[in-house]
Amino acid sequence: MTHVHSSPWVLSLCLSLLLLAIWDRAECGSGKSLWQRPLNHNDFLTGTFPEGFLWGVGTSAFQTEGSWDRDGKGMSIWDHFTHNLYRTGNSIGMATADTASDSYALWEQDVESVRYLGAKFYAFSLSWPRLFSDGNSTGPPNPAAVEHYQQLIRMLKALGLEPVVTLFHWDLPQRLQEHLGGWKNPEMVQVFSDYATFCFATFGQDVRYWITMHNPLLLALLGYGTGAHAPGVTGDPADPFIVAHNLIRAHAESWHIYDKRFRPHQHGQVSITLGSHWVEPFKGQATAANVELCQKSMEAVIGWFAEPIHGSGDYPSSLQVSHQGLIPEFTPEEKLWVRGTADFFSLAFGPDTPRAVHSISSFGQSGTLNLRKVLVWVQQEYRDPHVLVAESSWFSDASVGVEDTVAIFYMKRFINQVLQAVVVDHVKVFGYTAWSLVDGFEWNNGYSIRRGLFYIDFNQPQRTRVPKTTAQFYRKVVKDNGFPTNETGQDITGQFPCDFHLGVADFTLQVHLQPFSPQFTDPVLYRWNYTGDGTLRPVIGVRLRTRGSQCSDFLAIQRHIQLVEMTGTSHYRFGLDWPQLFPNGDISSADREAVRYYRCMLTELQRKGIQAVVTLYQPSLRSPTMGMPSPQHDSGGWMNTSMVEAFADYATFCYQEFGSLVQVWITINEPNRLIETYNGSAQDRERVVRNLLLAHARAWNIYDTHFRQLQGAKVSFTVHADWVEPANPFVKSHRNAVQSFMLLELGRFLDPFLKDMDHPNKKTCPDCFHSNSFHLPYFSEDERAELKGALDFIALNHFTTRLVLSKAPLTETHNHGYSLMYDPTWTFSKKGQALAPWGLRRVLGWVKDRYGDSRSIVITATGIDDQASHDDQLRQTYIRSYLQEALKARELDGIDVGGFYVWKLQDHHGSDFGFFTSSHHRSRPKASVTVYRELIAQRGFPATTGDPVTSPLTMPCELNERRMACWLCNGLTENRPLLFFGICVTISMLMLAGVIITSVVMKSRKKKRRGVIQAMPQHLRRQQRFAMQRVAHRI
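Residues numbered from 1 in each chain as written. Predicted model: local features only at pLDDT ≥ 70, side-chain atom pairs only at ≥ 80, totals over all residues. Heavy atoms only, no water.

1. A few points about the pairing of strand β21 (residues 571–575)
The element β21 is largely enclosed, with a buried count of five among its five residues. In the sheet, strand β18 (residues 501–508) pairs with β21 via four bridges, with the strands oriented parallel. From the neighbouring strand, Gly503 faces β21, where its bridge partner is His571. Pairing analysis gives five bridges linking β21 to strand β22 (residues 611–617), with the strands arranged parallel. Counted as the bridge partner of Arg573 is Val613 from β22. (Buried < 20%, exposed > 50% of the residue type's maximum accessible area, 1.4 Å probe, protein only. Helix = DSSP H or I, 4+ residues; strand = E, 2+ residues; numbered from the N terminus. Pairing = 2+ DSSP bridges.)

Here it is in structure tokens:
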């Protein structure tokens, strides 16, 4: 009888096992490819999530509820653990969760907090020992607990909020640990399924999403392995694997119960939340061995539970091989029974899992925080499931309070990684849970760290919920459904005017007298190879006419200008080497060869139609004298007031020697960076600022009085002008720090020239007293008159944008009152420079707002380092995007932007800021050269009309026409020796060809004449001969 009834079951089982084997072979995961091929679009992604995306926030019962013994609640393993197993060091200490956030009593405030965020769901866990004090779910429940959770769920539903309910978040009833040994006992499978059945039946009508367990890996590993978590069991290495086995079976049993008994009428979904980390190959080396270890690491953490439930029904083979004899085995029937027992993939990605598994499951690889790659790995390993991010956040120190700035950037990073996974990688993420709603008890960290969006002062009995700045940030993200692209981020079309400077900026141009190739300076005539030995021998008695030295003798100049020409630039900015021009600091001791070298450089640039922008003083940390002559440096440099006159004398000399060849003068480069090299008191720095400003004003006035009418150049100085944003836009002090920073960086250098005021006071310049860091030096009446208006244009060196936050001044010397940081979601170069093009437009706007339209603004240096030796994608993106912002500033904001100079021409050694590799690497052009050349040729970003008649490329600027018209004459002038030689060769070849042709013609005629004579009759030839003889006789 038994045999007859079992035959169909046996047949069904065999068929199922066969299908399982076929499925396993056909559905092998492909997560390894993530370490072998980079994902597309790794930069911060603007855009929104799909319509209907679920935004939520979560908590857990033990961490927040408190009321540990109120209304009939029983003791949990965590109550027992915190009350009896006090630990020290990086552990709980004397902290307990007896009151915690008091959410059991203040649950209505929690719901209001959820509403404040604008979230669509609230994820929370039920307290098993509160519902059943002894853990026995077959007995009567605690009515107070049932009423509490029903009230919470009803209010959520009434407010249009979806409850996402977790059955078990580590707070096992202590009675089950004492009587059964907790999760080590396989009887827990039935005990848990009874508890799940009760919850489904009691609350399920109003719950669409159920989570059976939250991150069971940490319970198994820390609770029954290391003992860091409750119940604190240690000793047997097999215990974590036995516990995990029972947890998986308990989950599967609960899923089957819901699927059979409750799904048909409740229509909910059930899953289990699994925690994960992420690893990258050691030192970025994606060797086959490292990739295998990365895959093994993922399989040992998230794959430990995901592979049986979402994958093959069994543990990952790498985990089984690594822990032979420790991991229990699933029977074939259990594999079928466990496999597929999740309606969606529920993922936790926070600090707990990476910290717990780093030392035991990294296998020598590097841990990183990349939620996107975890999501893609899950997609590729487990057949593209729907995913709920059930926990995502980082932590802050307890001392941070409500201004949790760093936590904002972690949240921003994680959410954007989810957006990338959804939009770029097409991972089916349908919801995101910010963790957690309120500050609470953080397990073995007690209250030393915080993860809540709402701050709670645990020293105050009221436990008032105060929204942190992360709550304000998350609220905005939820409202915007992501990070929508604003209008300022969209590119525009347009062209810069013909007088716009599209240039290249460079460092101090070193004087290279070698290699030196003098031509036509030797009066001796030589014969080559006269004796057959290949040598030159002078011709005795012959003296040739010679000429003096010329600029073409300096080969370095020709090679340098060739590089400048290749960029297609109209303007080239470089600095003079002050110490080399005046080694002794005295203009009477000028190095005439250095003077001639610079004059030749300027002359050659002019002949090429390239306008020179010359910096008189370019401070350099690489120079032991900071780029000034040694005598000036040894006398205190810019601390000494004598520097003002010394610089004025130097500027006057340069105006006299080079002024006719220079269109723009920059007196001093970045004085606001130079003062940072002076480590004296605040008064000392103020003295340096004063001397620098007076030195420029003196040089400007000298040019204006004595040289401008004849030479017609413009004179200014450059300031370093990076933009800053408030690190935390929700904190007033951070917003104020932006103005403090800009006044210190730009205001104290530009205000004395451009602000119409006497010595500042709170009435004439309230901004000047905005912070303790901004003080204008004292100037006399005469000095103020000399300073006023001594700028022909505003020159800004802009490279990046940073974040600023207020802080107390550290010392009198460093009394800025702010500190700087970067947004980790931005794109960075190898040297840590952020790509933030919108910052250029904002700093231009700040300058316009403060100084009006009295001066045009020229961006005299901008650029980014790129380690690529040829295809410098980062630099190409930088040039395009930053030039776009300059165009927007002109066209949309009405700012008079007059120029844009890219830093710099050539690398010094390795790949850096240069358009060209270093001379050690043969000065090869990088791909950005072509990009910039095209932008210059098009004068920006013209609209493509498709009509060649109206195309902007057919309407070149007057300067370009002149340069094109002079191209032939310049070429002829530059190559006169070669041209003369070519003409001589051509004439010789023509003469030789004429001789050859004449010879051939004459030979041809002779042949024809000889042939005619031979063809005449004999008697005719004889008569002719006699006739000739008769003629001869007559003569």
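2. A few points about the sheet that holds strand β8 (residues 345–349)
The eight strands are arranged β2-β3-β4-β5-β6-β8-β10-β12 in a closed barrel whose pairing can be described as parallel. The sheet shows a mean angle of 25° between the axes of neighbouring strands, direction not considered. Both strand β5 (residues 209–214) and strand β6 (residues 269–275) contribute to a ladder of four bridges, which runs parallel. Of the residues in β6, the one forming a bridge with Trp210 is Val270. Here helix α7 (residues 143–158) sits on the sheet in contact with β3 (121–125) and β4 (162–168), set at roughly 170° to β3. (Axes fitted to C-alpha atoms, helices over the stretch in contact; angles between N-to-C directions. Contact = heavy atoms within 4.5 Å.)

3. Digging into the pattern of salt bridges
With the rule as written, the count across this model stands at 48 salt bridges. Across the pair Lys412 and Asp823 runs a salt bridge whose closest N-O atoms are separated by 2.6 Å. Of this pair, Lys412 sits in helix α17 (residues 405–423) while Asp823 sits in the loop between β28 (818–821) and β29 (827–828); the two residues are 411 residues apart in sequence, bridging distant segments of the chain. Look at Lys412 and you get buried, because its relative accessible area is 16%. Put simply, Asp352, Arg355, Glu391 and Arg451 are held in one network by salt bridges that share partners. (Salt bridge = Lys/Arg side-chain N within 4 Å of Asp/Glu carboxyl O.)

4. Considerations on helix α31 (residues 927–938)
Every α-helix winds through 3.6 residues per turn, so residues three or four apart in the chain are directed the same way. Taking 1.5 Å of rise per residue, twelve residues should cover 16 Å, and α31 covers 17 Å from first to last C-alpha, within 8% of that figure. Looking only at α31, the buried set comprises Ala927, Ser928, Val929, Val931, Tyr932, Leu935 and Ile936. Buried-residue contacts for α31 involve β18, α19 (555–566), α30 (873–891), β32 (897–903) and β33 (940–941). Residue Arg939 follows α31 closely and has a positive phi angle near 60°. (Expected span 1.5 Å × (residues − 1).)

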